[in-house]
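Summary of the model geometry
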Amino acid sequence: MRNRLKVLRAERNWTQSRLAQELRVSRLSVNEIRTGKYGPSLPLAFAIARVFGQPIETIFTDGSAD
Amino acid sequence: MASTEPEQACGGSPPGSSRRDIIVAAYCLGWALCFTGAMQVIKSGLVTHRPIAWVVAAVPSIASIWMLVAYTRYLREADELQRLIQLQAMGWGFGGGFFLICGYLLFESLGAPAVEPATLAAIMPVLFAFGIIAGWWRYR
């Protein structure tokens, strides 16, 4: 699964720690989601979408579909 | 949709809070010291009065309640990745320990030196610790 976390974070000039704080998860989780090593649960994906104010499908895409 | 709050949706661990990790590690260390101390006191025969020896023997069990409560609280407050790491470590600890012990029992029946049950039981926390390190290494 691919994601635009890095881009969205850069647009807001947020550090990983800041995003982790917004999501109330560890910085480790934010980093692992960004690298794709770890796929977030649906509630966490919704939380990420809410924090960035965008629909989930614009943040996360199925890598195999590309 | 059940919840809209990130803290409820994700598990709610404040980022960068290693305080709980330190607390759990301190409890583990405290229990290990408690257990080793009680074992030494009982084996050395320092306590001759039997009721007091029973109290000494009960101390690690009582301390383990605090440890379990702290660990449960840690799991409740951890985020989903931290929980995944803990789950995989538990798999290593219990699964790996169980299979190693069962495997060694076969060797023992073939003449391998007998090992104390306490030594065999120590395999589980060692494998659990290995699982934690492996998890942090994998998701570093």
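Residues numbered from 1 in each chain as written. Chains lettered and ligands numbered in written order. Predicted model: local features only at pLDDT ≥ 70, side-chain atom pairs only at ≥ 80, totals over all residues.

Moving on: the overall build of chain B. When helices and strands are tallied, chain B shows five helices and zero strands. Reading the secondary structure of chain B in the N-to-C direction produces α-α-α-α-α. The buried share among the 140 residues of chain B stands at 13%. (Helix = DSSP H or I, 4+ residues; strand = E, 2+ residues; numbered from the N terminus. Buried ≥ 20, exposed ≤ 12 C-beta atoms within 10 Å, placed from the backbone.)

The subject of this paragraph is the nonpolar core. Leu5(A), Leu19(A), Ala20(A), Leu23(A), Val25(A), Val30(A), Ile33(A), Leu44(A), Ala47(A), Ile48(A) and Phe52(A) together form the largest nonpolar core, which totals eleven residues. The dominant element in this core, judged by the number of residues it contributes, is helix α4 (residues 42–52) of chain A, at four residues. Apart from the residues lying within four places of it in its own chain, the contact partners of Phe52(A) are Leu8(A) and Ile59(A). Judged by nonpolar contacts, the second largest core, of seven residues, contains Leu81(B), Ile85(B), Trp92(B) and Phe128(B). (Core = buried A, V, L, I, M, F, W, Y, C linked by C-beta atoms within 7 Å. Contact = placed C-beta atoms within 7 Å.)

In this section: the environment of Ala134(B). Residues and elements named next belong to chain B. By the element assignment, Ala 134 lies in helix α5 (residues 117–138). For Ala 134, a count of 15 C-beta atoms within 10 Å gives the class partly exposed. A sequence separation of 45 residues divides Ala 134 from Ala 89, and the C-alpha atoms of the two residues are 8.1 Å apart.

Moving on: the packing of helix α2 (residues 16–23) of chain A against helix α3 (residues 27–35) of chain A. Residues and elements named next belong to chain A. As a packed pair, α2 and α3 sit with axes 8 Å apart at the nearest point and diverge in direction by 105°. Considered as vectors, α2 and α3 are oriented roughly perpendicular to each other. Here Gln 16, Ser 17, Leu 19, Ala 20 and Leu 23 of α2 come into contact with α3, specifically with Arg 27, Ser 29, Val 30 and Asn 31. (Axes fitted to C-alpha atoms, helices over the stretch in contact; angles between N-to-C directions. Parallel < 35°, antiparallel > 145°, perpendicular 65-115°, else oblique.)

Bringing α3(A) into the picture now. Because an α-helix packs 3.6 residues into every turn, residues spaced three or four apart end up facing the same way. Taken together, the buried positions of α3(A) are occupied by Leu28(A), Ser29(A), Val30(A) and Ile33(A). Of the surrounding secondary structure, the elements contacted by the buried residues of α3(A) are β1 (2–3), α1 (5–11) and α2 of chain A together with α4 (80–109) of chain B.

A word on unusual backbone geometry. All names here are of chain A. Despite not being glycine, Asn 13 shows a phi value in the positive range, around 60°. Within the secondary structure, Asn 13 sits in the loop between α1 and α2. Phi is positive for Arg 24, which is not a glycine, with a value near 55°. Its location among the elements puts Arg 24 in the loop between α2 and α3.

On to the domain arrangement of chain B. Accessible area lost upon the coming together of the parts is a frequently used measure of interface size. What the domain assignment reports for chain B is domain 1 (18–77) and domain 2 (80–140). For domain 1 of chain B and domain 2 of chain B, the distance between their C-alpha centres works out to 21 Å. (Domains from an automatic or database assignment.)

This paragraph deals with the environment of Asn3(A). Residues and elements named next belong to chain A. Inspection of the secondary structure puts Asn 3 in strand β1. By C-beta crowding, Asn 3 is classed as buried, having 20 other C-beta atoms within 10 Å. Residues Asn 3 and Gly 39, spaced 36 residues apart in sequence, show a C-alpha to C-alpha distance of 9.9 Å. Once you skip the residues sitting within four places of it in the chain, Asn 3 turns out to touch Ile 33, Arg 34, Ile 59 and Phe 60.

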